[in-house]
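Here is how the chains run, residue by residue.
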Amino acid sequence: MSKKANICFLISIIFTIFLLGCTIKTPNEFDLNQLNRVDVEVVKADESYEEAVMITDEETIDVLRKTFKQIKWEPNAEPKMAKKEDVKATLFFRYDENMPERLFEYQVWFNLSNDKATIISNNVKEGYGTLDKGNAQTLESILLNK
């Protein structure tokens, strides 16, 4: 082999190793234990959003982790909602300090008639979900700062 061919071969091996390393570190599924921040935008009466509020307090994040674990998901459902969501929450997940955070957006409706919550996620593995009365009240008190 020529010197040029050896260099090209070496560069391709290094590039392949680099790509494999990046692929291995990127998780296929998110883990609520990696949740480190939540941005909350409340919908106003005119259907615009209030300025986003950032939640980073570890105790509150821990309560949100436990609450989100209780959501009953229907991944393939595509519901049509009659009104705009009450809250838009963006969850930030940190898997590796050297990698950017992964974001998932949640639209949340609080149902006054049955004290439950309806959630639509942009994570295809989740889709449409519901929360029971107790967890819905916990989520509402945190997201709406009640």
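See the structure printed just above.
Residues numbered from 1 in each chain as written. Predicted model: local features only at pLDDT ≥ 70, side-chain atom pairs only at ≥ 80, totals over all residues. Heavy atoms only, no water.

Caption draft 1: Summary view of the pairing of strand E6 (residues 116-121). The element E6 is extensively covered by neighbouring structure, given that 5 of its 6 residues are classed as buried. Relative to E6, strand E5 (residues 102-111) is paired through 6 bridges, and the arrangement is antiparallel. Each residue of the ladder has a partner; that of Trp109, found in E6, is Thr118. Here E5 folds back onto E6 in antiparallel fashion, the turn holding 4 residues, of which Asp115 has a positive phi close to 55°. As paired strands, E6 and strand E7 (residues 128-131) are joined by 4 bridges and run antiparallel to one another. Within E7, the residue paired with Ile120 across the bridge is Tyr128. (Buried < 20%, exposed > 50% of the residue type's maximum accessible area, 1.4 Å probe, protein only. Helix = DSSP H or I, 4+ residues; strand = E, 2+ residues; numbered from the N terminus. Pairing = 2+ DSSP bridges.)

Caption draft 2: Summary view of the sheet that holds strand E2 (residues 53-55). Across the sheet, which stays open at both edges, the 7 strands sit in the order E2-E1-E4-E5-E6-E7-E3 with antiparallel pairing between neighbours. Strands with a single pairing partner mark the edges of an open sheet, and in this sheet they are E2 and strand E3 (72-74). Each strand axis lies, on average, 25° off the axis of its neighbour in the sheet, ignoring direction. Alignment of strand E1 (residues 35-42) against E2, held across 3 bridges, turns out to be antiparallel. Considered in E2, the bridge of Val38 is made with Ile55. Helix-sheet contacts for helix H2 (residues 58-68) involve E1, E2, strand E4 (87-93), E5 and E7, and the interaxial angle to E1 is about 85°. Helix H3 (residues 133-143) rests against E1, E2, E4, E5, E6 and E7 of the sheet, and its axis sits at about 110° to E5. (Axes fitted to C-alpha atoms, helices over the stretch in contact; angles between N-to-C directions. Contact = heavy atoms within 4.5 Å.)

Caption draft 3: Focus on the side chain of Lys88. As for its placement among the helices and strands, Lys88 is situated in strand E4. A residue is classified by how much of its surface remains accessible, and Lys88, at 14% relative accessible area, is buried.

Caption draft 4: Highlighting the pattern of salt bridges. Within this structure, the stated rule accounts for 8 salt bridges. Ionic pairing is found between Asp62 and Arg65, a salt bridge with its closest N-O pair at 3.7 Å. Within this pair, Asp62 and its partner Arg65 are both found in helix H2, separated by 3 residues, close to a single helical turn. What makes Asp62 partly exposed here is its relative accessible area of 30%. (Salt bridge = Lys/Arg side-chain N within 4 Å of Asp/Glu carboxyl O.)

Caption draft 5: Focus on the side chain of Asn123. Looking at where Asn123 falls in the secondary structure, it is placed in the loop between E6 and E7. A distance of 3.0 Å separates a polar atom in the side chain of Asn123 from the backbone nitrogen of Lys125. (Polar contact = N/O pair within 3.5 Å; in protein donor to acceptor, adjacent residues only side chain to side chain.)

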